[in-house]
Amino acid sequence: MKLIGSYTSPFVRKISVILLEKGITFEFVNEFPYNGENGVAHYNPLGKVPALVTDEGDIWYDSPIIAAYLELLDIAPAMLPQDPKAALKLRQIEALADGVMDAGLVSVREQARPAAQQSETELLRQREKISRALDMLEKHVSEGDIQPDSLNVATIAVACAIGYINFRRVSPGWCVDRPQLVKLVETLFQRESFARTEPPKS
């Protein structure tokens, strides 16, 4: 398999972690999606990462779709429960974590604009999204919907989202009053799959 992505994308990291945890051998092709000369659009017409190329030549893109495809391979450990409703609940938590990643990416791109062109209204809007989503994720952990020691598509997505906002310093102080979320991500960050996929410092 071939994973097309960038080392700093939290969505790519999510898929990399799943591949590593399942022991699936893959080649990583580093492509920065915002570079007009890159080859991402060859795999995904939207020009977004990640994209996965299978050994048979099939191409899958969008991280939830790739995660779902990897589950179809029936390779342990399973990242979703067998019960459809329970699986859907985890997929919704995954979507919430993906939304934190999206808001973080929008914030980073906005802050990369010249200072005079930056929209404080847009930055505030994204910060509020992140804060509301993290509050809900804290509730999900507190109520047992996801467990700090569980490895599934939802907990992996949550840890990748938190890893990204830490990396980009998008939401300083996010951990205040969210002890259950802190415990969850600290537990997952100790896994080899997360250590190996930590984004570069520079």
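- The name given to the protein chain in an unreviewed UniProt entry is Putative glutathione S-transferase homolog YibF, and the organism recorded there is Pseudescherichia vulneris NBRC 102420.

1. Describing the packing of helix 1 (residues 10-22) against helix 6 (residues 153-167)
Argument step 1. At a minimum axis separation of 9 Å, helix 1 and helix 6 run at an interaxial angle of 140°. What the angle tells us is that helix 1 and helix 6 run oblique. Classified by chirality, the crossing of helix 6 by helix 1 is right-handed. Seen from helix 1, the contacting residues are Pro 10, Arg 13, Lys 14, Val 17 and Ile 18; seen from helix 6, they are Val 153, Ile 156, Ala 157, Cys 160, Gly 163 and Tyr 164.
Argument step 2. Across the contact of helix 1 with helix 6, the residue classes break down as 8 nonpolar, 1 polar and 2 charged.

2. Quick notes on unusual backbone geometry
Argument step 1. Val 49 connects to Pro 50 through a cis peptide bond whose omega is 5°.
Argument step 2. Tracing the chain through its elements places Pro 50 in the loop between helix 2 (40-43) and strand 3 (51-53).
Argument step 3. Cis geometry is found at the peptide bond from Ala 76 to Pro 77, where omega equals 0°.
Argument step 4. A positive phi angle is found at Asp 62, which is not glycine, with a value near 85°.
Argument step 5. For Asp 62, the position within the fold is in the loop between strand 4 (59-61) and helix 3 (63-72).
Argument step 6. Of note in this structure, Asp 74 is not a glycine but carries a positive phi near 60°.
Argument step 7. Overall, the relative accessible area of 70% leaves Asp 74 in the exposed class.

Rules used throughout
- Residues numbered from 1 in each chain as written.
- Predicted model: local features only at pLDDT ≥ 70, side-chain atom pairs only at ≥ 80, totals over all residues.
- Heavy atoms only, no water.
- Axes fitted to C-alpha atoms, helices over the stretch in contact; angles between N-to-C directions.
- Helix = DSSP H or I, 4+ residues; strand = E, 2+ residues; numbered from the N terminus.
- Parallel < 35°, antiparallel > 145°, perpendicular 65-115°, else oblique.
- Left-handed = near helix turned anticlockwise from the far one by under 90°.
- Contact = heavy atoms within 4.5 Å.
- Nonpolar A, V, L, I, M, F, W, Y, C, P; charged D, E, K, R; others polar.
- Buried < 20%, exposed > 50% of the residue type's maximum accessible area, 1.4 Å probe, protein only.

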